[in-house]
Amino acid sequence: MTAVPGRTGGGPAVLALLRAREVGLLVLIALVVLITTVKNSHFVEANSVQQMLSGAALFALLGVGETLVIITRNVDLSVGSVLGLAAYVVGYLFKYHHIPVWSGFLIGTLIGAAAGLVNGLIVTVLRVPSLVVTLGMLYVIRGIDGVIVNGDQIDPASIPNSFTAVGYRTFLGVPWLAIIVAVVVAGAGYAMRSFRSSRELYAIGSNPDAAALAGIPIGRRVFSAFLISGTLAGLAGSLFLALHTQINNNGGIGYELIVVTAVVVGGVAIFGGSGSVVGAALGALLLNVINQALVAARISAFWNQAIAGALLLTAIAFDRWLSLRVTRSLQSAEGAHHEL
Amino acid sequence: MSSDVATRAAAPAESTGGTSGAPSWWRGALRWEVGLVVVLAAVLLFGSIKSPHFTEASTLFYLGINTGYVAIMALPVTFVIMTGEIDLSVASMLGLSASTVGYLWHHGWNVWAAFAVALLVGAVGGALNGVLVAHFGLPSIAVTIGTLTLFRGLAEVLLGSLTIPTIGDRQFPSGLTDIGANSLPGSQLSWSMLIFLVLAVVFGIVLHFTALGRSMVAIGLQPEAAQFAGIRVRRIKLGLFVLSGVLSAFAGILDMLQQASVTYDIGTGLELNVVAIVLFGGVSIFGGRGTIVGVVLSVAIVGSLQMALTQINVSADKQNIVTGVLLLISVIVPNGGEALRRVRDRLRRRPLPRAG
């Protein structure tokens with residue numbers, strides 16, 4: 001844990017503060033689990049923990065791509081639609097064309113990559129705001145999905161067992177789904193700290209003009225971020241189908257806002273330049289744990305959304321407070337330096 | 001990169017040479033509105049050729065019913081986007097307001113008192129957005145995604161799985177729910193459309209002919225310069241978010257009355273339609289650019305296209321594609337020319353190193 005996203009030249013105290021986000025989230029998750037367990041001892045049973053991990057896994061996977069995009073000061077609102085389209089097309093191919101299981105994952109991923117390609121090209125070649133482009137794509141892809149689905153519904157019976165196994169089988173008690181996503185998160189987390197090209201994403205988000213002057217190929221990097229986000233959304237579509245074992249035209253509706261919420265709760269600054277994929281994944285996990293905790297604590301599930309919203313507001317207010325404090329402490333440190 | 005800067009710098013000089021004094025953004029916006037008029041004409045032509053019912057008077061009434069309350073939210077959102085912020089919580093506020101009325105009605109309140117409370121809820125919710133954005137300096141996109149979830153969540157807490165009026169409840173006063181069934185006497189205008197048109201005139205005057213409107217443009221173009229010029233940036237932004245909350249709450253009451261019933265998920269997802277209408281109307285997502293005329297034209301285009309497509313049995317899915325493509329066009333067309341120039345420049349420059 002050497003590099004701190006997007007910030008260089010801060011003192012060790014600053015590093016510790018910023019890095020504390022992942023720790024803070026873990027503590028929060030542990031607290032929620034602890035409190036809920038006291039109220040309802042069934043909460044930590046293997047079954048319920050597995051549900052929590054599987055549920056969070058899809059959002060964590062989407063969160064990885066979204067993090068890369070948001071770090072470059074962009075946003076991808078099309079992920080929910082891409083997930084829905086990929087999930088249905090894969091289900092359709094299983095039902096009517098009996099494709100092999102492995103290709104189910106490949107095709108979903110490729111559909112996502114194609115969507116990411118279009119997003120990335122429009123944003124970087126035409127230089128138009130990604131918020132608008134991906135909002136348009138949200139509609140277009142959802143519409144295409146609806147036209148293809150045309151009232152159809154893919155049932156569990158049409159999907160091969162070895163495909164849905166990813167959704168329900170476990171290894172050492174951990175769902176395969178969670179393992180796959182954990183591997184992606186770990187890989188992306190490593191890459192984001194160590195690779196030059198990934199560090200350049202932070203530079204672009206921190207200060208686009210300075211990044212351009214430093215010779216960073218902004219267009220190519222931003223394009224890659226969208227391509228990866230689309231690709232992971234496509235893969236998430238395949239995994240969605242494996243987990244839920246049925247799909248019609250409304251898979252993943254509204255996911256884009258949940259993903260952005262998870263990512264921002266996970267400490268990724270909405271205006272780019274800082275944050276980590278591990279934080280984003282933990283943000284997704286926290287939202288899901290709270291979700292399940294409400295059920296276990298027999299609090300009405302109707303509170304779910306209200307709590308998620310309040311959590312997001314708290315997270316950004318906290319980040320703001322933190323950054324003000326950091327700035328102030330840096331300024332006073334500088335002042336002390338001058339006095340010497 | 002350098003040629004890019006050069007063309008940008010050269011462009012205003014060329015354009016101001018032609019028409020003395022007229023700011024180039026105004027002419028740019030004007031061109032966009034002309035384009036919208038052409039698109040509107042094309043949509044109306046398309047509708048009247050394809051659908052035998054399109055030219056019937058009732059089309060206007062149903063257009064108003066379907067679009068009026070959404071269009072009402074588009075007006076304050078236009079103002080908010082003009083100042084460089086965004087409000088994604090409008091549809092959830094619509095839901096919270098309608099659910100508040102439903103909840104109070106269920107508990108025996110007078111309908112007008114319930115309306116007043118709902119509007120108050122709108123003001124408080126808008127103020128929450130405004131304080132977080134204007135006074136704490138938080139990014140409005142994140143804040144309003146948060147309140148989008150929060151407001152909808154509170155609506156869910158209020159109503160749960162109930163549909164109001166539920167068994168044992170009084171029906172809403174028929175004099176009020178009639179706005180969903182009857183048009184204004186002597187015309188085919190729906191009440192919600194009339195209210196939108198009146199508000200649009202007021203919003204247009206404020207934006208284009210008052211100091212407040214000029215201040216909003218200034219804030220959108222150069223927030224810091226606006227601050228130094230003595231514009232009360234925070235107060236204006238706070239006010240706009242409150243306005244947005246109140247009008248969204250009002251739209252919620254209208255929508256509820258038109259349907260004569262309410263569930264907590266009323267209007268879910270409409271925020272994206274609202275933003276699509278505003279941006280297609282030529283309002284820049286970066287703030288400072290846009291006109292109310294453009295937004296009104298955009299409402300007319302989106303509304304009549306939806307009517308025409310529905311009448312000729314085009315599925316909601318295909319209509320989604322149309323909405324998305326319109327939105328993409330609205331950003332690609334104005335930027336397309338510049339992008340082409342960039343590509344051409346790059347192609348032209350490429351042979352040089354080989355030659356040298």
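Note that the structure is predicted; figures quoted are calculated from it, not measured.

1. Describing the packing of helix H8 (residues 191-209) of chain B against helix H11 (residues 233-259) of chain B
Residue and element names in this part refer to chain B. Following both chains from N to C, one finds H8 and H11 inclined at 165°, their axes separated by 11 Å at the closest point. Compared by their axis directions, H8 and H11 come out roughly antiparallel. Crossing of H8 against H11: the hand is left-handed. Where H8 abuts H11, its residues Ser192, Ile195, Leu199 and Phe203 lie against Leu243, Leu247, Phe250, Leu254 and Gln258. Across the contact of H8 with H11, the residue classes break down as seven nonpolar, two polar and no charged.

2. What to know about the interface of chain A and chain B
Facing the 38 residues of chain A at the interface are 47 residues of chain B. Taken as a group, Arg127, Tyr139 and Phe302 of chain A account for 19% of the area that chain A buries against chain B, more than any other trio of residues on that side. Across the chain A-chain B interface, the total number found is zero salt bridges. Put simply, the parts of the chain that give the side of chain A that touches chain B at least two residues each are helix H4 (101-125), helix H5 (130-149), helix H11 (255-265) and helix H13 (304-339) of chain A. Ranked by residues supplied to the side of chain A that touches chain B, first place goes to H5 of chain A with 14 residues.

3. A few points about the packing of aromatic side chains
Applying the stated rule across the entire model yields 13 aromatic pairs over all chains. Ring centres of Tyr92 of chain A and Tyr96 of chain A lie 4.9 Å apart, and the angle between their planes is 50°; on these two criteria the pair is classed as tilted. Placement of both Tyr92 of chain A and Tyr96 of chain A in helix H3 (residues 79-97) is noted, with a separation of four residues, approximately one turn of the helix. Among the residues examined, Tyr92 of chain A registers a relative accessible area of 31% and is labelled partly exposed. Considering the side-chain rings of Tyr190 of chain A and Phe195 of chain A, the 6.0 Å spacing of their centres and the 85° angle between planes classify their relative orientation as edge-to-face. A relative accessible area of 48% places Tyr190 of chain A in the partly exposed class. Given the relative accessible area of 42%, Phe195 of chain A is considered partly exposed. An aromatic cluster is built from Phe59, Phe240 and Tyr255 of chain A, whose rings are joined through pairwise contacts. Here the basic side chain of Arg170 of chain B rests over the ring of Trp105 of chain B, its NZ or CZ set 3.7 Å away from the ring centre.

Rules used in this analysis
- Each chain carries its own residue numbering, running from 1 in the direction its sequence is written.
- Whichever chain is written first becomes A and whichever ligand is written first becomes 1, with later ones labelled in order.
- Local features are withheld for residues below a pLDDT of 70 in this predicted model, meaning they are given only at 70 or higher, and side-chain atom pairs are given and counted only at 80 or more; totals for whole chains, interfaces and linings count all residues.
- Note that water and hydrogens are dropped before the side-chain values are worked out from all heavy atoms of the structure.
- As a rule, the C-alpha atoms of each element are fitted with a line to give its axis, helices using only the stretch in contact, and angles between N-to-C directions run from 0 to 180 degrees.
- Counting from the N terminus, the helices are the DSSP runs of H or I reaching at least four residues and the strands are the DSSP runs of E reaching at least two.
- Working definition: roughly parallel below 35 degrees, roughly antiparallel above 145 degrees, roughly perpendicular at 65 to 115 degrees, and oblique for all remaining angles.
- Handedness of a crossing is defined here by the sense of rotation of the near helix relative to the far one, left-handed for an anticlockwise turn of less than a right angle and right-handed for a clockwise turn.
- The contact criterion used is simple: two residues touch if any of their non-hydrogen atoms lie within 4.5 Å.
- Ten residues, namely Ala, Val, Leu, Ile, Met, Phe, Trp, Tyr, Cys and Pro, are considered nonpolar, four, namely Asp, Glu, Lys and Arg, are considered charged, and the remaining ones, Gly among them, are considered polar.
- Here the buried area means the combined drop in accessible surface, using a 1.4 Å probe, for two parts upon being joined, counting both sides.
- Any carboxyl oxygen of Asp or Glu that lies within 4 Å of a side-chain nitrogen of Lys or Arg is treated as forming a salt bridge with it.
- Classification of ring pairs rests on two measures: the distance between centres of Phe, Tyr or Trp rings, Trp counted by its six-membered ring, which must be within 6.5 Å, and the angle between planes, read as stacked under 30 degrees, edge-to-face over 60 and tilted in between.
- Exposure categories follow from relative accessible area, calculated using a 1.4 Å probe and restricted to protein chains: below 20% of the type maximum is buried, above 50% is exposed, and the middle band is partly exposed.
- Cation placement over rings: the criterion is NZ of Lys or CZ of Arg within 6 Å of the ring centroid and within 35° of the ring normal.

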